[in-house]
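Commentary on secondary and tertiary structure
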Amino acid sequence: MSPSTQTITLSNGVEMPVVGLGTWQSSPEEVIAAVKAAVKSGYRLIDTASGYHNEEAIGTAIKQLIEEEVIKRDDLFITTKAWTNQIAPGKLESALKESLQKLQLEYVNLYLAHMPAATNDDMSQQIASPVEDIWRQFDAVYKAGLTKAVGVSNWNNEQIGRALALGLTPVHNSQVELHLYFSQHDHVDFCKSHSVSVTSYATLGSPGRVNFKLPNGAKLNWAPAPSELQDANVLSIAKKNNKTPAQVLLRYVVDRGIAIIPKSVNESRIKENFDIFDFSVSPEEIKKLEESKISQRLFAQDFMIGHPEDPFVNERQ
């Protein structure tokens, strides 16, 4: 089996590649080159979001790759996400159609609710739309054929359970912050028990998050966090397998049956992040890696504080 055919089967039978290219913080100029390098290196999953402001550039890259006969549309798995204003009542279908126009696609393979907390357009006002109402909109766009699968991001177990309880289209995927120092075993176990696949973001501990700037140019004050890339057990397994610490951290998650979407705009790093199929991390090594017992969420999403659907409210107490 070639790396590009390594997949996770969603509950509706759709095959999702286990490794994809993340594009958060990738500028339009950077992301065109990154997507091309990734696809030519074997990637078939590209993950974006309306909130990343690079869907149009990704669409350009995809179109060029198809025109150059490097790839066919059917071979690609494109994920995008609806931002907080787009999950507000009555907004989702037009939001997805706008994303499709930018991506120059007739459908996406996976459409996610980026957050469970709805807001108005400039995020100055929270909208108390329950996740049940949000999920009814996702059920509708799925049944309209605008996406091959639907899911959520940054939702907690209880919120996913409420969406599933509606008896509509099931939640096919949950994309969450998940890495060695935030292993999310409870969430993964919950999702697996309900046939919901899981995708990890920040799989490498998101060292690049400190470079993030708000639209006004301001930087955020990130809480200090230990570097997983310098973890002694990670370094030991990397040395044993002649791999980099990053490759060990990625494989640690893949060997737990979870998809990954590491972000890079560096061609050699893009190739490195995909070159993880010639070794594995054993259950014993996973246990060893988790000995530190460190548990630290890096993305608190503070803008959801006070919202009735704040998924992290219990953690904030």
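Remember, it's a predicted structure, so these values are computed and weren't measured experimentally.

1. Observations regarding the UniProt feature "binding site: substrate" (unreviewed entry) in the protein chain
- With numbering aligned to this structure, UniProt lists the feature "binding site: substrate" (unreviewed entry) at H114.
- Under the relative-accessibility criterion, H114 is labelled buried at 8%.
- Ignoring sequence-local partners within four residues, the contact set of H114 consists of A49, Y52, K81, A82, W83, S153 and N154.

2. Focus on the nonpolar core
- If you look at the biggest cluster of nonpolar residues, it comprises 88 residues, and the most contacted ones within it are V35, Y111, F138 and W155.
- Residue contributions to this core peak at seven residues, all from helix 8 (residues 245-254).
- Beyond its immediate chain neighbours, meaning those up to four positions away, F138 contacts A82, I87, L92, Y111, L112, A113, V150 and G151.
- Counting five residues, the second-largest nonpolar core is a separate cluster that includes W83, M115, M304 and F312.

3. Let's talk about the environment of A34
- With respect to the element layout, A34 can be found in helix 1 (residues 28-41).
- Expressed as a C-alpha distance, the spacing of A34 and V265, which sit 231 residues apart in the sequence, is 5.0 Å.

4. Structural notes on the side chain of N154
- Here N154 lies in the loop between strand 9 (150-153) and helix 5 (157-164).
- In this structure N154 comes out as buried when scored by relative accessible area, which is 3%.
- A distance of 2.9 Å separates a polar atom in the side chain of N154 from the backbone oxygen of H114.

5. Focus: the sheet that holds strand 9
- Taken together, the eight strands give an open sheet; going across it, the order is 3-4-5-6-9-10-11-12, and neighbouring strands pair in parallel fashion. Both edges of this open sheet fall to strand 3 (20-22) and strand 12 (259-260), since each of them pairs with a single strand only.
- Where strand 4 (residues 45-47) and strand 5 (residues 77-82) come together, three bridges link them in parallel fashion. Residue pairing in the sheet places L45 in a bridge with F77 of strand 5.

6. Regarding unusual backbone geometry
- A positive phi angle, near 65°, is found at N154, a position not held by glycine.
- The residue Q301 is not glycine, and still its phi comes out positive at about 50°.

7. A look at the pairing of strand 5
- Counting buried residues along strand 5, six of its six residues qualify, which places the element largely inside the surrounding structure.
- Between the parallel elements strand 4 and strand 5, the chain passes through helix 2 (residues 55-67) in a crossover that is right-handed.
- The sheet contact formed by strand 5 and strand 6 (residues 110-113) spans four bridges and is parallel. Among the inter-strand pairings, T79 is bridged to a residue of strand 6, identified as L110.
- In terms of handedness, the path from strand 5 via helix 3 (residues 92-103) over to strand 6 forms a crossover that is right-handed.

8. Structural notes on the packing of helix 5 against helix 6 (residues 185-193)
- Contact geometry of helix 5 with helix 6 gives a least axis separation of 10 Å together with a crossing angle of 15°. Judged on the interaxial angle alone, helix 6 and helix 5 are roughly parallel. You can see that helix 5 and helix 6 cross each other, and the crossing is right-handed. Contacts between helix 5 and helix 6 involve N157, I160 and G161 on the former and, on the latter, D186, H187, F190 and C191.
- Split into classes, the residues belonging to the contact of helix 5 with helix 6 amount to three nonpolar, three polar and one charged.

Criteria and cut-off values
- Residues numbered from 1 in each chain as written.
- Predicted model: local features only at pLDDT ≥ 70, side-chain atom pairs only at ≥ 80, totals over all residues.
- Heavy atoms only, no water.
- UniProt positions renumbered as here; feature names shortened; annotations may be inferred.
- Buried < 20%, exposed > 50% of the residue type's maximum accessible area, 1.4 Å probe, protein only.
- Contact = heavy atoms within 4.5 Å.
- Core = buried A, V, L, I, M, F, W, Y, C linked by side-chain atoms within 4.5 Å.
- Helix = DSSP H or I, 4+ residues; strand = E, 2+ residues; numbered from the N terminus.
- Polar contact = N/O pair within 3.5 Å; in protein donor to acceptor, adjacent residues only side chain to side chain.
- Pairing = 2+ DSSP bridges.
- Right-handed = clockwise from strand over helix to strand, strands pointing away.
- Axes fitted to C-alpha atoms, helices over the stretch in contact; angles between N-to-C directions.
- Parallel < 35°, antiparallel > 145°, perpendicular 65-115°, else oblique.
- Left-handed = near helix turned anticlockwise from the far one by under 90°.
- Nonpolar A, V, L, I, M, F, W, Y, C, P; charged D, E, K, R; others polar.

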